[in-house]
Amino acid sequence: MYKALYRKWRPKTFDEVVGQGHVTKTLKNEVCYGKISHAYLFTGSRGTGKTSCAKILAKAINCESPIEGNPCGKCETCQKIQSENLLDIVEIDAASNNGVENIRSIRDEMVFTPNTCKYRVYIVDEVHMLSPGAFNAFLKTLEEPPTHVVFILATTEIHKLPMTIISRCQKFEFHRLSESEICFQLKRVSKLEDIKIEDSAIKQISVFADGAMRDALSLLDQCNNLCSEVINENFVREMLGIPPKESILEIVNGILTGNFSKVLDYIDNTYKFSGNLVRLCEEIIEYFRNIMIYKATGTFQHFFESNASYAKQISLKDAMLALSLLQVAYKNMCSGNNKKLELEIIAVKLCNELSKCKASLSKNPEEISVENTSIASFQEPCQEPEILSDGPLKSWDKILEKIKETSSLKSLYISLADSQAYKQKDKILINAKSSFAFEILKKQEYRSCVKKIIYEVLGKKFEIEPYNSPVPTDEKTASLPSHSDTLEDLIKRAKLNNIEIVSKQEDF
Ligand SMILES: Nc1ncnc2c1ncn2[C@@H]1O[C@H](COP(=O)(O)OP(=O)(O)O)[C@@H](O)[C@H]1O
Ligand SMILES: [Mg+2]
Ligand SMILES: [Zn+2]
């Protein structure tokens, strides 16, 4: 049977627990010196190792030959506890066993000596869920338990526990795991499980897991089940409903150039794409935060390369202005206001404020000196660009190959079968046999993905348009074939395939 990754990779010794050194060190010492408390309380947010440590502790204090405070994992007791068939280790979920009678049955039972172990251990999870009556009964139990009984209580909500209970336990606080601790474990697990995943994708999962290792491993599991190729960052983002990085860059670009309609379009697209506008706002905040840190210290922190080309256009003052405006929007969005409207208002405000700043930027000599320094090396793509002249595009196959490799562009790749492309000034004109390709390319997120690939291959930014279309005036309408084009194309193809066409006039 398939076992979820987070269950399969539950740490079995204190040394395997990632982070939480302040907890595991003390517990190991207690085991070493035989100073076992009669009641432990593990608190902290979910997925940080409370249940795991409770199980390890239950094993360690009963192990026949512990190794520096860790359970050996080999003796009969360790093995039996591991396979969860020992009556002396009792796991109780207080969420579903929260009545007085549940606690009474523990009291009646605990007077008997354990069957095989030295200690009978009660692990009470979600202990804050006990009813007031059950807490009272439990208090008496905790006052003088027999020496062969150990309680390990775990809770995510310690503030819901009566002080009288807390004060009778030895308390350990489990911390949220840091991004690098989660990265470390994800790398380890994916290596041992032979999961192909890029470092940037691991990082994205670690950020999203927000301190919970269980969530991080579940996400890795999900990605692995859904993705048949190497898991990359955009796949993770798509799965989590986080807009692709390119859209964030496009929004920032729109803000800096004062392109209101572009920015609003992107917000609208993201809304339709994932509905997760709070996340979008967080990403834009993170973007300006990176710029602020760079401008203030000259160092890059989690800075993705493409940031650099915009970073030089933004001054420290602008970045701080943007951040303060965005913080207000973020707060309003989180407090239940109309999220889309809040973000739109702030986006228009930013467009207004920052494009003004940018216009006067070139007069500021200080800015220019920052621009000319370390940032230069981040601007160019790593590929050797093709020498480009107008006409058939030689690198189109290379671009198609990359489209093929991008899992979200599978259907586009299929509809681009036998296609050709031509370069014309700053446009790439695509000659596709199927008009479905352009239906797909109507969507902003696909279009920017393809534009990014073209950028990676050619080393220059291009607009994309269908071949043969009239010379465009406005990007939106120009990049799409008209309805009559699509219809004609369909009729032509039907004729080629000997499909009969019947014209029908509707009566209204
Ligand atoms: N500190 C940690 N080190 C390694 N793995 C962890 C850690 N915390 C959680 N995990 C992973 O998450 C899963 C659930 O952890 P668990 O101990 O049940 O969390 P909690 O009881 O705090 O909610 C574990 O099986 C393990 O895979
Ligand atoms: Mg738990
Ligand atoms: Zn053992």
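Overview of the structure. (Residues numbered from 1 in each chain as written. Chains lettered and ligands numbered in written order. Predicted model: local features only at pLDDT ≥ 70, side-chain atom pairs only at ≥ 80, totals over all residues.)

## With respect to the sheet that holds strand β8 (residues 427-431)
Taken in spatial order, the four strands make up an open sheet running β6-β7-β8-β9, and their pairing is mixed. Since the sheet does not close on itself, it has two edges, and those belong to β6 (391-392) and β9 (463-466), each with one partner. Across four bridges, β8 lies against β9 in parallel orientation. Bridge pairing in β9 links Leu429 to Glu465. (Pairing = 2+ DSSP bridges. Helix = DSSP H or I, 4+ residues; strand = E, 2+ residues; numbered from the N terminus.)

## A look at the site of ligand 1
Neighbouring residues of ligand 1: 22 residues in total, closest Arg10, Gly49, Lys50, Thr51 and Ser52. Every element with two or more residues in the shell around ligand 1 is listed here: α1 (5-8), α3 (50-62) and α10 (213-226). Tallied by class, the residues present in the shell around ligand 1 amount to nine nonpolar, eight polar and five charged. The residues that make up the shell around ligand 1 include at least three from each of domain 1 (5-174) and domain 2 (179-240). (Near = placed C-beta within 6 Å. Nonpolar A, V, L, I, M, F, W, Y, C, P; charged D, E, K, R; others polar. Domains from an automatic or database assignment.)

## Details of the sheet that holds strand β4 (residues 149-155)
Read across the open sheet, the five strands follow the order β2-β3-β4-β1-β5; overall the sheet is parallel. Among the strands making up the open sheet, the edge pair consists of β2 (89-93) and β5 (170-174). The mean angle between the axes of side-by-side strands here comes to 15°, regardless of whether they run parallel or antiparallel. With five bridges connecting them, strand β1 (residues 39-44) and β5 associate as parallel partners. If you follow Gly44 over to β5, its bridge partner there is Phe174. (Axes fitted to C-alpha atoms, helices over the stretch in contact; angles between N-to-C directions.)

## Some points on the pairing of β2
Bridge analysis of β2 against strand β3 (residues 120-125) gives five bridges, and the strand direction is parallel. If you follow Ile92 over to β3, its bridge partner there is Val124. As for the winding sense of the linkage, the β-α-β connection from β2 through helix α5 (residues 100-110) to β3 is right-handed. (Right-handed = clockwise from strand over helix to strand, strands pointing away.)

## Quick word on α10
Taking 1.5 Å of rise per residue, 14 residues should cover 20 Å, and α10 covers 20 Å from first to last C-alpha, within 8% of that figure. Buried residues of α10: Met213, Arg214, Ala216, Leu217, Leu219, Leu220, Asp221 and Cys223, and no others. Turning to α10, the residues buried within the fold contact α1, α8 (179-192), α9 (199-209) and α11 (233-240). (Expected span 1.5 Å × (residues − 1). Buried ≥ 20, exposed ≤ 12 C-beta atoms within 10 Å, placed from the backbone. Contact = placed C-beta atoms within 7 Å.)

## A short note on the environment of Phe42
Here Phe42 is to be found in strand β1. Dropping the residues within four chain positions of it, Phe42 is found in contact with Lys50, Cys53, Ala54, Ile152, Ala154, Phe172 and Phe174.

## Brief notes about the packing of α8 against α9
Two elements in contact, α8 and α9, have axes whose closest approach is 9 Å; the angle formed by their N-to-C orientations is 130°. In terms of orientation, α8 lies oblique with respect to α9. As α8 runs across α9, the sense of the crossing is right-handed. For the pair α8 and α9, the contacting residues are Glu179, Ile182, Cys183, Leu186 and Lys187 in the first and Ile202, Lys203, Ile205, Ser206, Val207 and Ala209 in the second. (Parallel < 35°, antiparallel > 145°, perpendicular 65-115°, else oblique. Left-handed = near helix turned anticlockwise from the far one by under 90°.)

## Re the nonpolar core
Of all hydrophobic cores here, the largest spans 44 residues; its most connected members are Phe42, Leu57, Ala58, Ile152 and Leu153. Per element, the largest residue contribution to this core is seven residues, and it comes from α3. Not counting the four nearest positions on each side in its chain, Leu153 is found in contact with Ala39, Tyr40, Leu41, Val124, Val127 and Cys169. Counting 29 residues, the second largest nonpolar core, distinct from the first, contains Tyr266, Ile267, Leu277 and Ile284. (Core = buried A, V, L, I, M, F, W, Y, C linked by C-beta atoms within 7 Å.)

## Let's talk about helix α2 (residues 21-32)
With twelve residues, α2 ought to run about 16 Å at 1.5 Å a step, and its terminal C-alpha atoms sit 16 Å apart, in line with that. Buried residues along α2 sit in contact with α3 and β5. Gly34 lies just past α2 and shows a positive phi near 65°.

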